[in-house]
Amino acid sequence: MDLSTLSLSKPPTEYVTAAPSPNGAVALIPSITAAHPPSDSPPRLVHKSDRTAIYCVRENGIDKGIKVLVSGNHTEDQILRLVREQSVSNFLPLHVRGRHVVDVRGFKGAPALHFEWAKGVALDEWIRNAASRSDVDDAVRLRVAIAIVETLNDFHKSHVSYQNLHCSNIILDTFEGSYVATFIDLTAATIYTTSSSKSWVKAVNKDLRDLGNVLKELFGCERQGDTDAPVRNDRLDSNKRAKTQMYRKEDDLPMFLVSLISTLGLSGDIFASVTETYSNTRDVLYDLQYIAKNPSAYLRPFVLDEATKNNRLTFRHDMFYGRQSEKCMLIHALNSVIELGGQPMLTMISGSPGAGKTSLAEQIKKPLDDEGGYLIRGKFEQNSPQDFVIFNAIDAFFSQLHNDSDPQFKSEVSRRIHTSVGSGVRMLIKSIPSLGVFMEEYFNLRSENTVGVAASEQRWKYLLCKLIAATARKESPIAILLDDLQWADEDSLDVLRLMVTDPDIKYCIFLGTYRDNDANSCNRIRKVVDSIHDRSVSLMSIKIGPIEKESVNALVAELLCLPPRLSQPLSTVVHSKTGGVVLFVLKFLKSLNVEGLLWFSLTSRRWEFDTSKIRRKEISTDVVTYMTNRMTRLPNEIQSGLKFAACLGTKFSTETLRLAFPENDSDLKEFIRFVIDGGFLREISADLLMWGHDQIQQAAYELIPQDKRESFHLLLGTRMYLRAPSDSLDRNLFPMVCNMNAGIRLIQSREQKYEVAKLNFQAGEKALSSSAFSTAGRFLVAAVNLLDEQSWVDHYEFTLKVHDAAGVALYAVGDFTTLKTVMLKPVMRARCFEDKLNTYHNMVRFLSSSGRMKEVIVKCSSILAQLGEIIPEDMNQEICDEEAERVKEALVPLSEKDLLSLPVLTDQRKMAIMMFLNHAVASAYVVKPILTPYLVFRMIRLSIEHGLCNISSFAFGLYGSWLVSGYNSDFDRGYRMGRVATDLMRKLRADEFIPRVYTTVYGFINFWKEPYQASLGKHIEAYESGALSGDMEFAVSSLCQYANSALFASGLNLQKLEVNVKLYIKRSLQSSQIMASKMLVTIHEIICILTGSNEDSYSVFLQTTEDQVFTDARENHQFSVCRYILNKCKYVAFIGGDMNAAAHMFEMGLDYPLGSNGKMVHIAVSFFVDGLIAFFFARKQRADKMRWEKIGESVLKLFQKWTKTCHWNFSNKLYLLEAERHFLDEEDAAAMAKYHESIQSAQQHRFIHEEAIACERLAWFHLARGRSGEALQTFTEAKNCYKEWGALGIVGRIERVIQQIIS
């Protein structure tokens, strides 16, 4: 507000009497005539008392004041008072705003004090006039108070006590937008030579008490007698004080000011504790300025709530003090995510228990809200189901989104989710129920039977990432906070890794908190963080310790509504006792309140404390031990309730607590009220309770003796089970079974073990249906361990189901050690072979995932033999050919329609044979290639003879791939089988086989008959399907197929392709598909070389070198990797014009023959390059000309054959090879014709990269024939094609050739 509006620009006056204005109100400003007498006008009487008169006189346009003794007989004392006033004025420095005395001399025959007139208005009049102003609030009055205390402080710093402070002796004025206060009437002011004397201390205390009275009047307070008795816990000495209560006619005075003003009234009180009073004006000024810094917080009207009336100290859950630099780091991280393209960031916050890690992380909420974003919170707990943490956090987020968001925003988000996740929503809603409600616009999920189908481990992780990616946007960023990661299991940490590294997730900041006092947990978390950092994700680490003394004082000051100088004695002791651990600080303050060492006084209307007793108090240095000790002093029934609650997890419903609580509902309600008031628990919704901190929960758990905990858990779980109504059993199943399992060792009878095993199985099935595989595994393994050998006799079906379900869960989470143990029992005890099949299935998957491919083949062969399918041990080509001929004969009479009309396989044994043949195929391809075709042939024959199953579609695709391989090259039959595979897959609705079928059909078969470009979209579709179904091996393989075809065959723009390939590398690394990663990194390296980039792809993505990758692959017999790297080196050397290096790579490649396995796109291109290299060196007239010519001829024959099968893909290559052959034979006319045919064919089929190659080869042909003009023209055409392709690195080479020709 404008300070001048309070009439502080009033004409010169020290004492102004208020005059009625025409409308009856008190006029703050006298009329101009009265205020400004003419120059050199006679003195004007302003004020008169029995002893003195005050005159105002204008001299040379300046107002002067004269204080005259009016008594006839002037005593020496009266004259000395005038002289002392002059002495004090002269003693005060010029900057101190006190009356400035000119001299003492006579006036009209009487002694008089001449002084400079103070501008402004007297404080008492300002207060009267401010009462009628609506714009004068406590914030304005506070600025006036600061001005008054500043002047008094200046007096005291000059060793002058004022001794006469009241509202009429204070003149207010404005200066540079602020208030200033001038003290007049220095009659009682006293100069002291030292500030240590008792008289000085006494004088200062009087000034402070007078200041308290002035501030009471300033803030509109009235004084009344001591009408109220002190409340409980008020100290005895407080009754001896001269108490006053302060009232305001309207709103209550803010409590900070109440504390400050009432404390000023105690200055010098011998009954008051020194720590509760002010001893100097410096501290008063500091506190007033502190309050002024945040008036909205510290000038809130005081509300005397029930808790305060009853002397109960309460805490806000969102209290946050200190950590300002760390908070700034968080906000900077959020801004970076939003402003720098949305790239995700991981921020890890570590510290000791109770240090305030969560409070710091939650400080991101306000800036996130300001950006229109959302905070997703998840908290891990020790010994509790952990896979639900992330699910529950996202479920709460979508519930909030559904309830709080505007319809347009909800519609937009749901549309994006539908587009991105699609039908995968159905698989997520069992784990995230609120997502189903949120997506009702697109799915009638409540009535569909598909709800609750569990996704596989990889599948739900992929869907979760898609869900987050579809939700977060720049205009609505997301922060995902995962608290207490030290309790997270490996699977949950893997989910964090997947989300942070997912290339589709933008505008999302990830926050993780963990305790750094456990080496094992820190190492686990560090490994995950390092793996995330290796994927080029931005990382920020924040380590926090205890808060400083100043922050503890700020906490105590705000908590108790005390100015900081008054709270400092208490906060200093609290900090020394607690070490600044935030949780410890709060709990210690609470205990002081309970013990009566910190209490609220209704008399003084402020919190008071006994510092000396608090200082003497002995406490434990460990927060958990300290809180446990505190809890032991609570009533027994409260301690019992805390024990039960401690066993229910961090959060639990009142319904769950009611099942655990032994007493009736009234006792339960009283318990809940008590623990909430005590800060042990907090209510986060009408039916949901949460521990105030996990350290408090741990302290409550420590109440249970160590040797009694197992029995306590068992008793609690049993009680909950017995008391649970049937309709609530499922809702409380997890805490019930978890408690039983904690005491499982004490269960002795077989009947009880069987009952608990059934409950564990029920809990495990529930967890499986929600894709919570880790939790399911723990419950199901517990069930397995409860069942003894006799269970296979008495409860056979149930025991078998438990073992099968446990196998599924353990395989999903990769716990192969436990899986191996669990699998042994069914193998030994199952009554028939068919009952062992599920176990064998898990066993084979376990061996395959462990990389034990030879053991897979051995195990599958053994299982197949028991099923009646004999796999020859000594496989050779003759056996394979015989089986191939049988398949051929079986297919001869069958058309595609006939194959699609074959019956569905119903024989379960034959179905099992197909399943294990399928298992064996993948391993045989790696370690025993000669066996692969035989297994495929057997699957085809079984499908023809016994009926079709989903695996049949993959089998026909593999058969088609074998048909088009170099060994057979039967493109027509292979293409036909590929068509059968895709049609069969659609007919059987075998969507889970899309990635496998598409990889074989579109990666190995169709490009022999269809344009390269036609398969690109199918590879992306295969990836999406594989990721959705959890088949990440073939999903990522499809990305390799896409990148491979796009680079070598389709001629897509390299800059755009580079962006996609980077994304694919991240996806392959994210899903731990290392072989595919190596292939994609090699493709990226080719693109970098072609585009002229200096980026080292192997170093960036794999933290290694190409040579090391090649060496490792060779030593591990991964020859496909070796071949691919050699092809890469040969291709870039050829395109780069280094024909000698290209030839060297060709020679090295001969050590890694392809064999009869299917050919991918790059193999055909590699042959094409081989032919061009061969004809080039054949023209060199070297000793090995005949060899190179023979190689070129063999390649030429291949492309003549291939062009007949697919003119689109191979004609331009054939024409260029023929042109090079004519060039070799010096048949120039024919060569020219073929060069142009090749260029024209490449143009027609949109192979810009091969058009560039053809133009360059033609240019070299012209140059060899001395036609530099034609060469210059075709080199320029080649350069333009390379440029359009994006091969800017090659453009530079061509430009150098052009410059050489021109020069």
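All values reported here derive from a predicted model rather than from experimental measurement.

A separate point is the sheet that holds strand E19 (residues 538–544). Taken in spatial order, the 5 strands line up as E16-E17-E18-E15-E19 in an open sheet, and their pairing is parallel. The sheet is open, and its two edges are formed by strand E16 (374–379) and E19, each paired on a single side. Adjacent strand axes in the sheet meet at a mean angle of 15° when their direction is disregarded. As defined by bridge partners, strand E15 (residues 345–351) adjoins strand E18 (residues 508–515) across 7 bridges and the pair is classed as parallel. Of the residues in E18, the one forming a bridge with serine 350 is tyrosine 514. Strand contacts of helix H13 (residues 387–404): E16 and strand E17 (478–483), with the helix running at about 150° to E16, the strand carrying the most contacts.

With that out of the way, let us pick up the packing of aromatic side chains. For the structure on display, the rule yields 54 aromatic pairs. The interplanar angle of 75° and the centroid separation of 6.2 Å between the aromatic rings of tyrosine 1012 and phenylalanine 1210 together place this pair among those described as edge-to-face. In this pair, tyrosine 1012 is assigned in the loop between helix H44 (994–1005) and helix H45 (1016–1029) and phenylalanine 1210 in helix H55 (residues 1207–1224), connecting sequence segments 198 residues apart. Of the residues examined, phenylalanine 1210 reaches a relative accessible area of 0% and is grouped as buried. Centroid distance tyrosine 1235 to phenylalanine 1261: 5.4 Å. Interplanar angle 40°. Geometry classified as tilted. One end of the pair, tyrosine 1235, is in helix H56 (residues 1228–1244); the other, phenylalanine 1261, is in helix H57 (residues 1248–1264), and 26 residues separate them in sequence.

Quick look at the pattern of salt bridges now. All told, the structure shown has 69 salt bridges when counted by the stated rule. Residue lysine 758 pairs with glutamate 755 through a salt bridge whose shortest N-O separation is 3.6 Å. Separated by 3 residues within a single helix, lysine 758 and glutamate 755 lie in helix H31 (residues 750–769), roughly one turn from each other. For lysine 1130, the salt bridge is made with aspartate 1170, and the minimal N-O distance between the two is 2.5 Å. A residue pair is termed long-range when its members are at least 10 positions apart, and lysine 1130 in helix H51 (residues 1119–1135) and aspartate 1170 in helix H53 (residues 1161–1178) qualify at 40 residues. Like aspartate 1170, lysine 1130 is buried. A cluster of three or more residues bridged by salt bridges with shared partners is formed by Glu869, Glu883, Arg886, Arg938, Arg941 and Glu945.

What follows covers the packing of helix H20 (residues 549–560) against helix H22 (residues 582–594). Orientation of H20 relative to H22, taken along the N-to-C sense of each, is 40°, at an axis distance of 11 Å. In terms of orientation, H20 and H22 fall into the oblique class. The way H20 lies across H22 gives a crossing that is right-handed. Contacts between H20 and H22 pair Val552, Leu555, Val556 and Leu559 from the former with Val585, Leu586 and Leu589 from the latter. Taken together, the residues that form the contact of H20 with H22 break down as 7 nonpolar, no polar and no charged.

If you walk across this open sheet you meet the 5 strands as E3-E4-E5-E7-E6, and the pairing is antiparallel. Two strands lie at the open edges of the sheet, namely strand E3 (44–48) and strand E6 (101–107), each paired on one side alone. Averaged over neighbouring strand pairs, the angle between their axes works out to 25° when direction is ignored. Of the pairings in the sheet, the one linking E3 to strand E4 (residues 52–59) comprises 4 bridges and is antiparallel in character. Directly across from arginine 44, in E4, lies its bridge partner cysteine 56. Its contacts with the sheet put helix H2 (residues 76–91) on strand E5 (62–69), E6 and strand E7 (110–116), and the angle it makes with E6 is roughly 155°.

Attention now moves to the side chain of threonine 799. Turning to its location among the elements, threonine 799 is positioned in helix H34 (residues 796–813). One polar contact links the side chain of threonine 799 to the main-chain carbonyl oxygen of serine 791, over a distance of 3.2 Å.

Another point: a negative patch on the surface. Taken together, the side chains of Glu878, Asp881, Glu882, Glu885 and Glu889 define an acidic patch exposed on the protein surface. Turning to its location among the elements, glutamate 878 is positioned in helix H38 (residues 877–891). Overall, glutamate 878 belongs to the exposed group, its relative accessible area being 55%.

A few words now on H44. For H44, the tally of buried residues reaches 12 of 12 residues, placing the bulk of the element in the interior. Of the residues making up H44, those classed as buried are Ile994, Pro995, Arg996, Val997, Tyr998, Thr999, Thr1000, Val1001, Tyr1002, Gly1003, Phe1004 and Ile1005. Buried residues along H44 sit in contact with helix H42 (950–963), helix H43 (971–988), H45, helix H46 (1032–1050) and H53.

Scanning the model with the defined rule gives 0 disulfides in all. With no disulfide of its own, cysteine 738 lies closest to cysteine 647 among cysteine sulfurs, the gap being 11 Å. Looking at cysteine 738, the relative accessible area reads 25%, which means it is partly exposed. Here cysteine 1281 is not cross-linked by a disulfide; its sulfur's nearest cysteine counterpart is in cysteine 1255, at 4.7 Å. For cysteine 1281, a relative accessible area of 7% gives the class buried.

Between its first and last C-alpha, H38 extends 21 Å over 15 residues, near the 21 Å set by a 1.5 Å rise per residue. Taken residue by residue, H38 has Cys880, Glu883, Ala884, Val887 and Leu891 as its buried positions. The buried residues of H38 occupy an angular sector of 105° when the element is viewed end-on, so they sit on one face. Exposed and facing more than 90 degrees away from the buried side of H38 are Glu878 and Glu889. If you follow the buried residues of H38, they end up packed against helix H39 (896–900), helix H41 (931–946), H42 and H43. Capping of H38 at its N-terminal end is provided by asparagine 876; its side-chain oxygen lies 3.1 Å from the backbone amide nitrogen of glutamate 878.

Within the secondary structure, asparagine 918 sits in helix H40 (residues 908–927). For asparagine 918 and serine 952, which are 34 residues apart along the polypeptide, the C-alpha to C-alpha distance reads 9.5 Å. Discounting residues that sit within four places of it in the chain, asparagine 918 has contacts with Met939, Ile951, Phe954 and Phe993.

All right, on to the confidence of the model for the protein then. Detail in the predicted coordinates should be disregarded across regions flagged by low pLDDT. Looking at the protein, pLDDT values average 86 and 91% of them are 70 or higher. Here residues 1–39 is a poorly scored stretch, pLDDT under 50, and it has 86 contacts once near neighbours within four places are set aside; other chains count. Every residue in residues 223–251 scores below 50 in pLDDT, and together they form 65 contacts with partners more than four places removed in sequence or on other chains.

This next bit is on the packing of H31 against H34. Running from amino to carboxyl end, H31 crosses H34 at an angle of 40°, the nearest separation of the two axes being 11 Å. Classified by the angle between their axes, H31 and H34 sit oblique to one another. The handedness of the crossing between H31 and H34 is left-handed. In this structure, H31 uses Tyr754, Ala757, Lys758, Phe761, Glu765 and Leu768 to contact H34, whose residues at the interface are Phe798, Lys801, Val802, Ala805 and Ala809. Considering only residue class, the contact of H31 with H34 consists of 8 nonpolar, no polar and 3 charged.

Our next topic: empty space enclosed by the protein. Applying the stated criterion across every chain, the model contains 5 cavities of 30 Å³ or more. In this structure, the largest cavity spans a volume of roughly 110 Å³. Contributing to the lining of the largest cavity are Gln458, Lys461, Tyr462, Cys465, Leu498, Asp502, Tyr1023, Met1032, Arg1067, Gln1070 and Ser1071. For the lining of the largest cavity, the leading source of residues is helix H17 (residues 457–471), giving 4 residues. For the lining of the largest cavity, the per-class residue count stands at 5 nonpolar, 3 polar and 3 charged.

All right, on to the pairing of strand E11 (residues 178–183) then. Within a regular strand, side chains alternate between the sheet's two faces. Of all 6 residues that make up E11, 5 are buried, and the element is covered over most of its length. As paired elements, strand E10 (residues 170–175) and E11 share 6 bridges and run antiparallel to each other. Along E11, the bridge assignment pairs threonine 174 with tyrosine 179. Between E10 and E11, which follow one another and run antiparallel, lie 2 residues, and glutamate 176 among them has a positive phi close to 55°.

What follows concerns the environment of serine 1071. Relative to the assigned elements, serine 1071 resides in the loop between helix H47 (1054–1070) and helix H48 (1074–1091). For the pair serine 1071 and valine 102, spaced 969 residues apart in sequence, the C-alpha separation works out to 90 Å.

Procedures and definitions
- Residues numbered from 1 in each chain as written.
- Predicted model: local features only at pLDDT ≥ 70, side-chain atom pairs only at ≥ 80, totals over all residues.
- Heavy atoms only, no water.
- Pairing = 2+ DSSP bridges.
- Helix = DSSP H or I, 4+ residues; strand = E, 2+ residues; numbered from the N terminus.
- Axes fitted to C-alpha atoms, helices over the stretch in contact; angles between N-to-C directions.
- Contact = heavy atoms within 4.5 Å.
- Phe/Tyr/Trp six-rings, centres within 6.5 Å; stacked < 30°, edge-to-face > 60°.
- Buried < 20%, exposed > 50% of the residue type's maximum accessible area, 1.4 Å probe, protein only.
- Salt bridge = Lys/Arg side-chain N within 4 Å of Asp/Glu carboxyl O.
- Parallel < 35°, antiparallel > 145°, perpendicular 65-115°, else oblique.
- Left-handed = near helix turned anticlockwise from the far one by under 90°.
- Nonpolar A, V, L, I, M, F, W, Y, C, P; charged D, E, K, R; others polar.
- Polar contact = N/O pair within 3.5 Å; in protein donor to acceptor, adjacent residues only side chain to side chain.
- Patch = residues over 30% accessible without salt bridge, like charges linked within 9 Å, V, L, I, M, F, W, Y side chains within 5 Å.
- Areas by Shrake-Rupley, 256 points an atom, 1.4 Å probe, with all protein chains shown as cover.
- Lys, Arg positive; Asp, Glu negative; His and termini not counted.
- Charge placed at Lys NZ, Arg CZ, Asp CG, Glu CD.
- Disulfide = S-S within 2.5 Å.
- Expected span 1.5 Å × (residues − 1).
- Arc of directions from axis to C-beta.
- pLDDT = per-residue confidence, 0-100.
- 1 Å grid on protein atoms, 1.4 Å probe; cavity = no way out; pocket = protein on both sides within 12 Å on 5 of 7 lines; lining within 4 Å.
- Points joined across faces, edges and corners; volume = space filled by probe spheres on them.

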